[in-house]
Amino acid sequence: MSLQALEFAFLFILGAVLGSFYNVLIYRLPRGISLISPPSHCPHCGKSIGWQDNIPILSYLLLKGRCRHCGAKISPRYLMVEVVSGLLAILCRVRFEEALTSLIFFIFFSILLVASFIDWDTFILPDSLTLGGLAFGLLTSLFREDFSLTESLTGAFLGGFSFLIVYLYYKKLRKMEGLGLGDVKLMAFIGSFAGLWGVLYAVFLGSLLGLLYALPIIVKNKSLQFALPFGPFLSLGVFLGVFLDLKGFLL
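Thresholds, definitions, all that
Residues numbered from 1 in each chain as written. Predicted model: local features only at pLDDT ≥ 70, side-chain atom pairs only at ≥ 80, totals over all residues. Heavy atoms only, no water. Helix = DSSP H or I, 4+ residues; strand = E, 2+ residues; numbered from the N terminus. Buried < 20%, exposed > 50% of the residue type's maximum accessible area, 1.4 Å probe, protein only. Phe/Tyr/Trp six-rings, centres within 6.5 Å; stacked < 30°, edge-to-face > 60°. Lys NZ or Arg CZ within 6 Å of the ring centre and 35° of its normal. Core = buried A, V, L, I, M, F, W, Y, C linked by side-chain atoms within 4.5 Å. Contact = heavy atoms within 4.5 Å. 1 Å grid on protein atoms, 1.4 Å probe; cavity = no way out; pocket = protein on both sides within 12 Å on 5 of 7 lines; lining within 4 Å. Points joined across faces, edges and corners; volume = space filled by probe spheres on them. Nonpolar A, V, L, I, M, F, W, Y, C, P; charged D, E, K, R; others polar.

**Student:** Talk me through unusual backbone geometry; I want residue IDs and the actual numbers.
**Tutor:** Of note, I57 is a non-glycine position whose phi angle comes to about 65°, a positive value. Relative to the elements of secondary structure, I57 occurs in the loop between helix 1 (3-28) and helix 2 (58-62). Judged by its relative accessible area of 15%, I57 falls in the buried class. At F123, a position not held by glycine, the phi torsion is positive, near 60°. Position of F123 among the secondary structure elements: in the loop between helix 4 (99-122) and helix 5 (127-140). By relative accessible area, which is 46% here, F123 ends up partly exposed.

Here it is in structure tokens:
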């Protein structure tokens, strides 16, 4: 096996292990449950999950997606998050030559991954992720070779301010909530890491992806009256834009 293959295998395993922790965050953060206590347990029977059943990816496959104790079905999302996190670690290493930049973007997309699943389930984007991520994005811009603090501040301001205007328009003039403040903070966070282009990717590609997802629902229900979390589409938009370098797509 080549050194590069060994490196990719290590990165995938590391990413999958972190993905297991991301699953904890996705479940516990919106519920206000401590990340430390109680230890991992089955939400159906309450039995603690032993180390042998807590091995990322492998345990899910060996248990065939069911609890060892009560046989209740475990959501395939747990497996998906671990696999996606493992692939993210490899993709960031391939996409960004500089090791620090690769690590920073892995953290960036990991936060977006966790935030997206929480938003999808609860329509909540925790401040600990968005505002914490914003602070981290501004801080790490001081150490990046590909990005400056000025670009980070500009991206954060444009991302947050543009969505704040939309939020206030719906809230004050139309007396409805078209966007949540969580989306405003999310866009500031995205801008702090990915700058102006990241904001544009999130807005244009995210809106396009959201529309493609919503169209069948609109046709089926013959109505525009339904709620759809925007965070996952904004996150996917900036992910695709950054990895595929789609500047030409928007020009």
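Anyway, onward from the coordinates.
**Student:** Just give me the short version of the packing of aromatic side chains, but keep the residues and values in it.
**Tutor:** Enumeration according to the criterion identifies 19 aromatic pairs in this entry. Measuring from ring centre to ring centre gives 6.0 Å for F105 and F108, while their planes differ by 80°; the resulting arrangement is edge-to-face. With F105 and F108 both in helix 4 and 3 residues apart, this pair spans about one turn of that helix. Comparing F105 with F108, the two get one shared label, buried. Aromatic side chains F239 and F243 sit 4.6 Å apart centroid to centroid with 50° between the ring planes, which places their arrangement in the tilted category. One end of the pair, F239, and the other, F243, are both in helix 8 (residues 231-244), 4 residues apart, so they sit about a helical turn from each other. Of the two residues examined, F239 and F243, each falls in the buried class. Among the aromatic side chains, those forming a connected cluster through ring pairs are F96, F105, F108, F109, F136, F189, F193, F239 and F243. Above the plane of the ring of Y27 lies R31, whose end atom (NZ or CZ) is 4.0 Å from the centre.

**Student:** Tell me about the environment of L103, residues and numbers included.
**Tutor:** Take L103: it is sitting in helix 4. In the structure, L103 is positioned 11 residues away from C92 in sequence and 7.4 Å away in space, judged by C-alpha atoms.

**Student:** How would you sum up the nonpolar core? Please name residues and give values.
**Tutor:** F108, F109, L112, F189, I190, V238 and V242 are the most contacted members of the largest nonpolar core, which has 46 residues in total. For this core, the secondary structure elements donating two or more residues are helix 1, helix 3 (76-95), helix 4, helix 5, helix 6 (149-173), helix 7 (181-221) and helix 8. Sequence-distant contacts of F109, that is, excluding residues within four places in its chain, are made with L88, C92, V238, F239, V242 and F243.

**Student:** Outline the layout of surface pockets, listing residues and values.
**Tutor:** The volume enclosed by the second largest pocket comes to roughly 680 Å³. H41, I49, N54, I74 and Y78 are the residues nearest the centre of the second largest pocket, which is lined by 32 residues in total. Contributions of two or more residues to the lining of the second largest pocket are made by helix 1, helix 2 and helix 3. In terms of residue count, the dominant contributor to the lining of the second largest pocket is helix 1 (6 residues). Within the lining of the second largest pocket, the residues separate by chemical class into 16 nonpolar, 11 polar and 5 charged.

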